[in-house]
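Chain by chain, the residues run as shown.
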Amino acid sequence: MKKIQPWLTLIARLILGGTLLAAGWLKLFNSYEAKASVRAYDLLPVPLANFLGAILPSFEIALSLFLIIGIWTKRMAIIGTILMGVFVIAISQAWARGLPINCGCFGNGGLTADGKVHHWTYFSEILRDLGLILCGIYISRNPVGKFAFDKEESEKDRKSTRLNSSHGYISY
């Protein structure tokens, strides 16, 4: 497993990072649509939803580049995992409330063209994001991967893990 783990970490970094890069890039040059996507969830006040819609594409791109290149891999994986968790919650609540929206993940957000709730779409979007959460968890637990600037776990991280595991828990 030790020989394959760095390759699995690379694959997980490319999947999570590549998805975030595509999502951010497709929304980056259409600020109106990105803002409308966040507003469609009807969770935040309009000014806050607009602000989030404006910065999210740049944030996703920056996060993706850190993951793909392998810089601060563990931290970026944790942030990516949390972000995907927020997306799962947002999509789930929209589905539960019967909002007829597209997730907006790849720049096609807002209300559905036919004004209907598409259950399979919500389900598949949640499954996709859960898969990305699994990638993020794997990376955060195994941050050392091939073709990364983070060549090995820092001595501080190793000491912290060893120290905490001796007390019956492991911090990641």
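Starting afresh in each chain, residues are numbered from 1 along the sequence in its written order. Only residues with pLDDT of 70 or above have their local features reported here, since the model is predicted, and side-chain atom pairs are shown and tallied only from 80 upward, although totals for entire chains, interfaces and linings are computed over all residues. Note: side-chain values were computed over all heavy atoms of the structure, leaving out hydrogens and water.

Engineer: Would you take a moment to explain the overall build of the chain for this structure?
Structural biologist: Secondary structure elements are defined from DSSP: runs of H or I of at least 4 residues count as helices, runs of E of at least 2 residues count as strands, and each element is numbered from the N terminus. What the chain contains, in helices and strands, is six helices and two strands. Buried residues are those whose accessible area, probed at 1.4 Å on protein chains only, stays under 20% of the maximum for their type, while exposed residues exceed 50% and partly exposed ones sit between those limits. Relative to its 172 residues, the chain shows a buried fraction of 39%. Per-residue and other accessible areas follow the Shrake-Rupley method at a 1.4 Å probe size, with only the shown protein chains counted as cover for residues. Within the structure as shown, the chain displays about 9800 Å² of accessible surface, and the carbon and sulfur contribution to it stands at 69%.

Engineer: I keep staring at the state of the cysteines and nothing clicks. Help me out?
Structural biologist: Disulfides are covalent bonds that connect the sulfur atoms of two cysteines. Disulfides are defined as cysteine sulfur pairs within 2.5 Å. The final tally for this structure, using the stated rule, is one disulfide. Disulfide pairing is shown between C103 and C105; the S-S distance is 2.3 Å.

Engineer: I keep staring at the packing of helix α4 (residues 73-96) against helix α5 (residues 119-141) and nothing clicks. Help me out?
Structural biologist: Packing of α4 against α5 brings their axes to within 8 Å, and their N-to-C directions diverge by 160°. In terms of their interaxial angle, α4 and α5 are classed as roughly antiparallel. The two elements α4 and α5 meet at a crossing, and its hand is left-handed. Three residue categories are used. Nonpolar comprises Ala, Val, Leu, Ile, Met, Phe, Trp, Tyr, Cys and Pro, charged comprises Asp, Glu, Lys and Arg, and polar comprises the others, including Gly. Split by residue class, the contact of α4 with α5 holds 16 nonpolar, seven polar and four charged. Whenever a helix is involved, its axis is fitted only over the stretch in contact; in every case the axis is a line through C-alpha atoms, and angles between N-to-C directions fall within 0 to 180 degrees. Geometric relationships in this document are graded by angle, where less than 35 degrees denotes roughly parallel, more than 145 denotes roughly antiparallel, 65 to 115 denotes roughly perpendicular, and other angles denote oblique. We call a crossing left-handed when the near helix sits turned anticlockwise from the far one by less than a right angle, and right-handed when that turn is clockwise.

Engineer: I would appreciate a short explanation of the packing of aromatic side chains in the present structure.
Structural biologist: Given two aromatic rings, their pairing is described by the distance between the two centres and the angle made by the two planes. Centres within 6.5 Å make a pair out of two Phe, Tyr or Trp rings, where for Trp the six-membered ring is used; the pair is then stacked when the planes are under 30 degrees apart, edge-to-face when over 60, and tilted otherwise. Counted under the stated rule, the structure contains five aromatic pairs. With a centroid separation of 5.8 Å and an interplanar angle of 70°, the aromatic rings of W7 and F147 are classed as edge-to-face. Here W7 is found in helix α1 (residues 5-28), whereas its partner F147 is found in the loop between α5 and α6 (155-166), with 140 residues between them in sequence. Judged by its relative accessible area of 59%, F147 falls in the exposed class.

Engineer: Explain unusual backbone geometry to me, please; I cannot follow it from the model alone.
Structural biologist: Where the residue is not glycine, phi is negative for most of them; where a peptide bond is considered, it is trans in most cases. Located in the positive-phi region is D42, a residue other than glycine, with phi close to 55°. Tracing the backbone shows D42 in the loop between α2 (31-40) and α3 (46-69). For F147, which is not a glycine, the phi torsion comes out positive at approximately 55°.

Engineer: Sorry, what's going on with the side chain of E125 here?
Structural biologist: Residue placement: E125 occurs in helix α5. Counting rule applied: Lys, Arg positive; Asp, Glu negative; His and chain ends not counted. Think of a salt bridge as a Lys or Arg side-chain nitrogen and an Asp or Glu carboxyl oxygen that are within 4 Å of each other. For the buried residue E125, which engages in no salt bridge, the nearest side chain bearing the opposite charge is R128, 5.2 Å off. The contact criterion used is simple: two residues touch if any of their non-hydrogen atoms lie within 4.5 Å. Those residues in contact with E125 that lie beyond four places of it in its chain are I91 and C103.

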